[in-house]
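# Structure assessment
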Amino acid sequence: MTAFPKGFLWGGAVAAHQFEGGWQAGGKGVSIADVMTAGDNETKRRITDGVQSGENYPNHDAIDYYHRYHEDDQLFADLGLNCFRTSIAWTRIFPNGDEEQPNEAGLKFYDDVFDDLLSHQIEPVITLSHFEMPYHLVKKYGGWRSRKVIDFFVKFATVVFDRYKDKVKYWMTFNEINNQVGMMNEWSLFTNSGLLIKPDEDKEAVMFQAAHYEAVASALAVQIGHRINPDFQIGCMVAMGPVYPATPNPNDVFKAERTMQTNYYLADVQVKGKYPAFLDRYFDRHAFNLDITLEDRDVLLAGKVDYIGFSYYASHVTEASQDEPTDFITMGHNREVKNSTLQRSDWGWEIDPVGLRYALNWFSDRYEVPLFIVENGFGAFDKINQDGHIQDDYRIDYLRQHINQMRLAVEVDGVKLMGYTPWGIIDLVSAGTGQMEKRYGVIYVDKDDQGKGTLARSKKASFDWFQKVIRSNGDDL
Ligand code: BG6
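All of the points below concern the structure found in this document. These numbers were taken from a predicted model, which means no experiment stands behind them.

Next up on the list: the overall build of the protein chain. Assigned secondary structure in the protein chain consists of 16 helices and 13 strands. Here the protein chain has a C-alpha radius of gyration of 21 Å; the compact-globule value for 477 residues is 23 Å, and the two agree. Expressed along its principal axes, the backbone C-alpha trace of the protein chain runs to roughly 60 × 55 × 45 Å. Within the span of the protein chain, comprising 477 residues, buried residues form 62% of the whole. Summing over all exposed atoms, the protein chain offers an accessible surface of approximately 18,700 Å²; the carbon and sulfur share of this is 48%. Positive and negative side-chain charges in the protein chain, numbering 49 and 69 respectively, have mean positions lying 1 Å apart.

Before going further, it helps to spend a moment on the site of the ligand. In the vicinity of the ligand there are 14 residues, among which Gln18, Glu176, Glu375, Lys438 and Tyr440 approach most closely. Within the contact set of the ligand, an oxygen atom lies 3.4 Å away from a side-chain nitrogen or oxygen of Tyr313. One nitrogen or oxygen atom from the side chain of Lys438 is found 2.7 Å from an oxygen atom belonging to the ligand. Expressed as a share of its isolated accessible area of 380 Å², the protein-covered part of the ligand is 95%. Looking at the shell around the ligand residue by residue, the class counts come to six nonpolar, five polar and three charged.

This part is about the packing of aromatic side chains. Centre distance and the angle of the planes are the two values used to describe a pair of aromatic rings. Scanning all chains against the criterion turns up 49 aromatic pairs. Taken together, a centroid distance of 4.7 Å and an interplanar angle of 40° make the contact between Phe4 and Phe8 tilted. Judged by relative accessible area, which is 2%, Phe4 ranks as buried. Between the aromatic rings of Trp144 and Phe153, the centroid separation amounts to 6.0 Å while the plane-to-plane angle is 65°, which identifies the pairing as edge-to-face. According to the relative accessible area criterion, Trp144 is buried, its value standing at 1%. Of the aromatic side chains, those joined through ring pairs into one cluster are Phe19, Tyr65, Tyr66, Tyr69, Phe76, Phe84, Phe109, Tyr110, Phe114 and Tyr164. Lying over the aromatic face of Trp349, Lys438 brings its terminal NZ or CZ to 3.7 Å of the ring centre.

Per the counting criterion, the structure on display carries 34 salt bridges. Measuring nitrogen to oxygen at the nearest pair gives 2.9 Å for the salt bridge that ties Glu201 to Arg145. Highlighted residues: Glu201 in the loop between helix H8 (186-193) and helix H9 (203-228) and Arg145 in the loop between helix H5 (135-141) and helix H6 (148-163), separated in sequence by 56 residues. Residue Glu201 is classed as partly exposed on the basis of its relative accessible area, which comes to 23%.

The phi dihedral of Gln121 falls on the positive side, at around 60°, and the residue is not glycine. Looking at where Gln121 falls in the secondary structure, it is placed in the loop between helix H4 (104-119) and strand E3 (123-129). On the basis of relative accessible area, Gln121 is assigned to the exposed category, the value being 63%. Residue Phe131 is not a glycine yet carries a positive backbone phi of 55°. With respect to the helices and strands, the residue Phe131 is situated in the loop between E3 and H5.

Moving on: the side chain of Lys460. As for its position among the elements, Lys460 is in the loop between strand E13 (457-459) and helix H16 (461-471). A residue is classified by how much of its surface remains accessible, and Lys460, at 0% relative accessible area, is buried.

Another point: the sheet that holds strand E7 (residues 307-312). The strand order across the open sheet formed by eight strands is E1-E11-E10-E7-E5-E4-E3-E2, and the pairing between neighbours is parallel. Edge strands, defined here as strands with exactly one partner in the open sheet, are strand E1 (9-10) and strand E2 (83-87). By the bridge criterion, four bridges tie E3 to strand E4 (residues 170-174) in an arrangement that is parallel. Across the sheet, residue Ile126 finds its bridge partner in E4, namely Trp171.

Relative to strand E11 (residues 417-420), E1 runs parallel, the two being bridged by two bridges. Bridge pairing in E11 links Trp10 to Tyr420. As judged from the two bridges shared by strand E10 (residues 371-375) and E11, these two strands associate in the parallel manner. Following the sheet pairing, Ile373 is matched in E11 by Tyr420. Crossover connection from E10 via helix H15 (residues 393-411) to parallel E11: handedness right-handed.

Here is what the cut-offs are and how they apply
Residues numbered from 1 in each chain as written. Predicted model: local features only at pLDDT ≥ 70, side-chain atom pairs only at ≥ 80, totals over all residues. Heavy atoms only, no water. Helix = DSSP H or I, 4+ residues; strand = E, 2+ residues; numbered from the N terminus. Rg over C-alpha atoms; globule rule 2.2 N^0.38 Å. Buried < 20%, exposed > 50% of the residue type's maximum accessible area, 1.4 Å probe, protein only. Areas by Shrake-Rupley, 256 points an atom, 1.4 Å probe, with all protein chains shown as cover. Lys, Arg positive; Asp, Glu negative; His and termini not counted. Charge placed at Lys NZ, Arg CZ, Asp CG, Glu CD. Near = heavy atom within 4 Å. Polar contact = N/O pair within 3.5 Å; in protein donor to acceptor, adjacent residues only side chain to side chain. Nonpolar A, V, L, I, M, F, W, Y, C, P; charged D, E, K, R; others polar. Phe/Tyr/Trp six-rings, centres within 6.5 Å; stacked < 30°, edge-to-face > 60°. Lys NZ or Arg CZ within 6 Å of the ring centre and 35° of its normal. Salt bridge = Lys/Arg side-chain N within 4 Å of Asp/Glu carboxyl O. Pairing = 2+ DSSP bridges. Right-handed = clockwise from strand over helix to strand, strands pointing away.

This is the structure in structure tokens:
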């Protein structure tokens, strides 16, 4: 008897802009990922005003899945995946985002990809928008700060739901929709919502407005999707990093809980179909003048998601300040404290397998819907041995410990878990830094941070290990 049910979804996760390349192929338009330069651990990615000559844009060519999907899907099949999470690049379907008619070449590309995956009995799991909205919508409408973008997104969702209704069953609307809440930094606001904040704007108000329009668009998409195919399973996708109190001081404990409530309020909106009471009060107190209509509230209630997809990499610690506001809300300034009990990755991400069990339980208690871990993994520098092999025991270790906690959550805690798709199953461009050498894959891709390499694929030690895990349905770790 294994802990995981029959039909448990074992997969790998990627996003179109981080692995497809072919940024202009088949009539594709420029996305927001196409105007982000390469960075690294110390250097932030820059957002340029359109595509500028002489800049290094790592997402343009990425790892060229666009031309190599046949070969890569074969590797995923060898690995034993029964599902594969990727996204549809919005700009392949609507290059500018506001066209009347979709781009047939883009639609055809995903037909081919989904057919190829299905021919290997690999079920596609599709995110509609994963950090890659059309750049034109940023320039012309200011990104998601405009209500008009709801219509463009709904049209895009309707076209792809309709086109792939017999090929794709599992969908998610917006990737890590809540990133912009917890961090409020330039990168999150741009990648989540195509927002470039003007000097005279209240960043917080703009973010809440954009996130609201996205939530409404998501709820409309859920309703339309269910009408197109009642068997569709449509989830939200949130970035989960549990927040622990720095000490047992009740103020720290309440601070941590309030930070969780604010970081995951979009899960309330998408799963329960309503804003949490404390946030409605916060909106009133701050007179943000948000455009949240009664009709919108009905839409949210009618468009609740079927499941929660979430990413989990690390946990966080916070503490209350001496002059903590009475509501304990300090959007984006959450006094992050180092957790002295945990090790960190080379990028400073705290490694906390138990945090995954905590996250699964937190979601499960609060929302009572099925859960799907659609990202988890260890970004690391890999070294090629003299014999050409990569012995990535650190990655195996990370994945093993996390799967073990996930197993306890299912077996001991009774959490309803649909599946597990580790992030970047094949090496790809990092979203945060634009690096190739922050590698997550069990499949190595020969390309470095300067964009040099043959793009040849090879199996790391973690490939054989994960294959064995899948074959035993999670028993043999
Ligand atoms: C999640 C994103 O935030 O984490 C992915 O959904 C991203 O797009 C992943 O790649 C890992 O982050 P990074 O910055 O290491 O690529």
